[in-house]
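Now for the letters of each chain:
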Amino acid sequence: MKSSRVRSRLIWVSLGAALAAGAVLLIVFALPGQLNAFRTPTQLQAMDIPPGKSLRLGGQIVPGSYTTADGITHTFTLTDKDGGVQVVDYQGALPDLFREGQGIIATGVLDGSGGFAAKTLLTKHDEAYVPRELRDHAEQKQDTSGQ
Amino acid sequence: MMSEWAHLALVFALPLAFMQAVIALLPAAPMGWSDAFRQSVVRAVSLITAALVSLAFLGLVLAFVTGDFSVKTTFEHSHTAKPLLYKISGTWGNHEGSILLWVLILAVFGGLLALRGTEGQTRDLRVRALGVQALITLAFLAFTLFTSNPFERVLPAPLEGRGLNPLLQDIGLALHPPLLYFGYVGFSITFALTVAALLRGEADHIWARMVRPWAMLAWTTLTAGIALGSWWAYYELGWGGFWAWDPVENLSFLPWLTGTAFIHSLMVVEKSGALRVWTLFLGVVTFVLAILGTFVVRSGLLTSVHAFAVDPARGAFILLILGLSVIVAFGLFAWRAPQFKPGSGFAPVSREGALVLNNLFLSTGAGVVLLGTFFPLITEAFGQPLTVGKPYFDATFLPFMVPLLLLMAIGPFVPWQRLRGSTGDRVRGLITLLVVAMALATIVIVMLLWQSKPRLSLTVGLAMILAGWLLGGGLLTFVQRARAVRSPFKVALSGWAVSLAHAGLGIAVFGLIAGSAMVQERTVNLKPGDSVDVGHLTFRLDGVRETQADPSIGRNYISAFADVALLTGQGATKAILSPERRFYPVRQDSTTEADIRVTWLGDIFLAFNTQAPDGGFILTLSWRPLIPWLYFGCILMVLGGLLGSIAAWRRVGRA
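A quick note: this is a predicted structure, and the numbers were derived from the prediction, not measured. (Residues numbered from 1 in each chain as written. Chains lettered and ligands numbered in written order. Predicted model: local features only at pLDDT ≥ 70, side-chain atom pairs only at ≥ 80, totals over all residues. Heavy atoms only, no water.)

Bringing the overall build of chain B into the picture now. Within chain B one finds 17 helices and eleven strands. Scaling as 2.2 N^0.38, a compact globule of 655 residues should have a C-alpha radius of gyration of about 26 Å, and chain B matches this with 27 Å. Projected onto its principal axes, the C-alpha positions of chain B cover 85 × 80 × 55 Å. The 655 residues of chain B split such that 60% are buried. (Helix = DSSP H or I, 4+ residues; strand = E, 2+ residues; numbered from the N terminus. Rg over C-alpha atoms; globule rule 2.2 N^0.38 Å. Buried < 20%, exposed > 50% of the residue type's maximum accessible area, 1.4 Å probe, protein only.)

As C-alpha cells, then:
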C-alpha cells in the first residue's frame, strides 16, 4: 500500500513537472516576435528599428495634427517631452476618448516610409489616469519645454 | 451630518477589528474565559464591526443620493443631474467608494461566518478563522482610513458635483464591481479558514465541508462578475470585444482559475482526505491573487485601458498588505504543511486522479497568464518594460485548456478511488460521447450555414467538436445521474450543479470560438441612402437624428442616432437598428452606444462612431455569430454554481 502511494505521488509530481516544462517551452517559443517594447518618438528617431517590427509608441497627440478625409483613415502626430515627433496612421473606428493634446499608446509597426501604422490605440478610461510609461517618459512637462 | 456619523462608525470599526483579531488568535482563551465565552465575544465583536461598516457604507450612499458635495468623493464623482440608479452605483464607481465596498463585504462576510454554527467540533476552527478575517478587515480598514478615506471633506461645500465618467453610467457597470468583489472577498473567508486549519495543524473532511459553500459561492459570484464585465466591454465600449487579455482582465481571471482548481480539490479532501496540503496551498494562493486582482489595478503598476488614477502612497500600502499576507501565509504554510499526515491513496485512473489533472492544467494555465501579465514588470527590472499581447496568451494558455476541456467531459463519469466496471462499458461510453459531440457540432454548423455565410475552417470545425464534447459531457453526466436514481426529478442538487456548470461552459465555448474566429465586420463611411453588405446581411443608412438633453427625466446627454435599415434579399426593410452616439456636456465626453439585435444564432452589432469631414457617417457594422451563447453559457455556469453552493451549504457540520 505504502509503495503504491509513493508511486502514485511520483506519477503526479512528474506529470506536474512535465506540464511546467511544457509551459516553459511554449513560452520560450511564443515570446520572441511578440514582445512589444515601449518607445517614445524621440527614441524611435534615434534608433534604427526595422519596418514591420511590432512596438508600442507612446506620446501626446500634437494639437492640430489630427486629420482624416473619410473618417476611417486617420493621421496624427505624437510627440514627447524631448521634442521628437512621429506621424501615426490608423485605420478603423477611433476610441471614444481620443482627443488632441492627450497622451496615448499606439501599438503597431513602422511602415518603412517614415510613418507608424498603428493597429490599436490605447486611450484613457479614467480622466485622471496616465499610463505609467507615459508618466515616466513621454508626458509634456511645463518646466522642461523651454523653447 | 450623516456623513460625519458614517465616518465615525468607520473609525470605531478599526479598534474593534483589532480587538477581535487579538482575542481570537491568542493561543488560549484570555483572562480565564471559557472557550464558549471567548467564541461569544468574538462573534459579537464581529457582528458589531459588520454593523458599523454597513452604517458607514450606507452613509456614503446617502451622501451620493442627497448630493452632499461637502464630501470630496461625492463632489468629484456625482452630479445632481444624474439618474438615481447611477447616483447609487456612483458610490462604488470610484476608488474610495469601491474600497469601502470591499471592506463592507469583508466585514459582512465575517459577520455571516460568525452567525452560523456553534457546534463544539468546529468552534475552535471558527474562532481562529474569525481572527484571521478580523486581521484582513483591520488591514483594509486602515488602508481605507489612512490612504483612501471616502469621507474627506471639501470646505466650503461646492453646490454641484463634477459628474461621473459617462462610460460608467451603465447598468452592467453598476453591477460588475460588486459581484467581482463578492467573489474576491468570498475567497477571504476560505483563506481565513485555510489559515485557521494551518494554525491548528488539521484539515479533515469537516474542514473541507465548512470551506466548500464559501468557495462555491465565491466562485459563482466571481464567474458572474467576470462575465458581466466582459458583457459590459462587449456592448458598451463599442468595439464588440469581450476579452482582450488586458492586464486588468487577466488579474480577475487568475483567482478564477485557481479558485476553480480549489473547489475541485476540496471535493477530494472531503471524499478521501487526500490532496490536503495542495488544497491548503490553493486556499492561500487564491486569496492572494484576489488581493492582487483588486489592488494592482489601483497601484498603477500595469498599464491597462481599465486602470484608474493612482496615488503612490496607496500603491505602497497595498504592496505592504500584499507582502505581509504572502509572507505570513506562505511562512505558516511552509512551517505547518510537512506536519500534515498524507491522506488515503487512490489509483492514478480515478475521480481523484481526474481532479488532480484538472488542478494541474488549471494551475499551469494560471502560471502562464500570471507570467504574461507581469512580464512588463519583470523585464523592466532588467532594462525596459516589454509587454506581451493576445498572441502570447493564445500560444501559451490554450494548449493547456484543450486537454483540460477534453478531460472535463469525462471526469464526472470516473468512479472514486479506482476504476470499476468493464473496459467494454468504458469504450462504449467514450464512443457515445464522441458521437454526441460530433452531432452537436454538426447541428450548430448546419444552423449557421443555413442562416448566414459563416467563415469556416478545419480549426473552427475541430474546436466546435471540442465544445460539443464538453456540452455532451454535461448532458450525459445528467443522464447518468438520473439513471442512477431512476428519475430525472430525483437527481441530487450536486448532480444538477455539475451538469449545468459543465454544459454551460460547453455552450460558452461555442460562443467563444465563433466570437473570436467567425466575426464578420466592416467599418464604413455612409451617407443617407447608401447600403452595404456584411456577410449575409445588407444594411442601408436611412438617416441621422438628434435628441436634446433632458435633466428632468435624468437624461444628462445629447444623443445622435443613426437609423440603419436591415434589408431582406428583396430589398424590403426587415428591421431598423439605431446605434447611438452620446455627448455629455458636463464632462465634454462622448460615448458609443451600440445597437445590438440579439438572435438565437448571433448578434447583429452596429456602432455609430462619428461624422467624417466629408459629411458621411462612420458606422461599424458586424455579424457576431453565437455570442449570445457565450453569455447564456455563463448564466448556466452561475446557476450550477449557485445550486452547488446550496448543496455544499447543506452538508456543513455533518460528520
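This part is about the pattern of salt bridges. All names here are of chain B. Scanning all chains against the criterion turns up 15 salt bridges over all chains. Note that R540 is salt-bridged to D542, the shortest N-O span being 2.9 Å. A salt bridge links E593 to R582; the shortest N-O distance between them is 3.7 Å. Taken as a pair, E593 in strand 8 (residues 589-593) and R582 in strand 7 (residues 580-584) lie far apart in primary sequence, eleven residues in all. The buried category is assigned to E593, whose relative accessible area is 13%. (Salt bridge = Lys/Arg side-chain N within 4 Å of Asp/Glu carboxyl O.)

The next point concerns the packing of aromatic side chains. All names here are of chain B. Applying the stated criterion across every chain yields a total of 32 aromatic pairs over all chains. Ring centres 5.6 Å apart and planes at 50° place the aromatic pair F109 and F182 in the tilted group. With F109 in helix 5 (residues 95-115) and F182 in helix 7 (residues 171-200), this residue pair connects regions lying 73 residues apart in the sequence. Note on F182: relative accessible area 34%, which makes it partly exposed. By the ring-pair criterion, three or more aromatic residues cluster together here, those being W219, W243, W245, F253, W256, Y392, F393 and F397. The ring of F605 is capped by R624, whose NZ or CZ atom sits 5.1 Å from the centre of that ring. (Phe/Tyr/Trp six-rings, centres within 6.5 Å; stacked < 30°, edge-to-face > 60°. Lys NZ or Arg CZ within 6 Å of the ring centre and 35° of its normal.)

Turning our attention to the nonpolar core. Residue and element names in this part refer to chain B. Membership of the largest hydrophobic core comes to 163 residues, with the highest contact counts inside it found for W102, F140, L193, W207, M464 and L626. Residue contacts for L626: discarding those within four places in its chain leaves V444, L448, M464, F510, G511, A514, L601 and G602. Among the nonpolar cores identified, the runner-up in size contains 20 residues, and A560, A575, L577 and F608 belong to it. (Core = buried A, V, L, I, M, F, W, Y, C linked by side-chain atoms within 4.5 Å. Contact = heavy atoms within 4.5 Å.)

Here we take up a nonpolar patch on the surface. All names here are of chain B. Together, L47, V108, L112 and L115 make up a nonpolar patch on the protein surface, roughly 310 Å² of accessible area in all. Top contributing element to the nonpolar patch by residue count: helix 5, with three residues. Among the structural elements, V108 can be located in helix 5. (Patch = residues over 30% accessible without salt bridge, like charges linked within 9 Å, V, L, I, M, F, W, Y side chains within 5 Å. Areas by Shrake-Rupley, 256 points an atom, 1.4 Å probe, with all protein chains shown as cover.)

Attention now moves to the confidence of the model for chain B. All names here are of chain B. Per-residue confidence for chain B gives a mean pLDDT of 87; residues scoring 70 or more make up 94%. The element-level mean pLDDT for chain B is lowest in helix 3 (residues 72-77), coming to 79, with helix 17 (residues 627-651) highest at 94. The ipTM, which scores confidence in the relative placement of chains, is 0.78 for this predicted complex, and the corresponding pTM is 0.90. (pLDDT = per-residue confidence, 0-100.)

Moving on to the sheet that holds strand 10 (residues 602-611) of chain B. Residues and elements named next belong to chain B. A sheet is described by the order of its strands in space; here four strands give the open sequence 2-11-10-9, paired in antiparallel fashion. With partners counted over all chains shown, the strands left at the sheet margins are strand 2 (520-526) and strand 9 (595-599), one partner each. Adjacent strand axes in the sheet meet at a mean angle of 15°, parallel and antiparallel pairs treated alike. Contacting strand 9, strand 10 and strand 11 (617-625), helix 8 (residues 205-236) crosses the sheet at an angle of about 50° to strand 10. (Pairing = 2+ DSSP bridges. Axes fitted to C-alpha atoms, helices over the stretch in contact; angles between N-to-C directions.)

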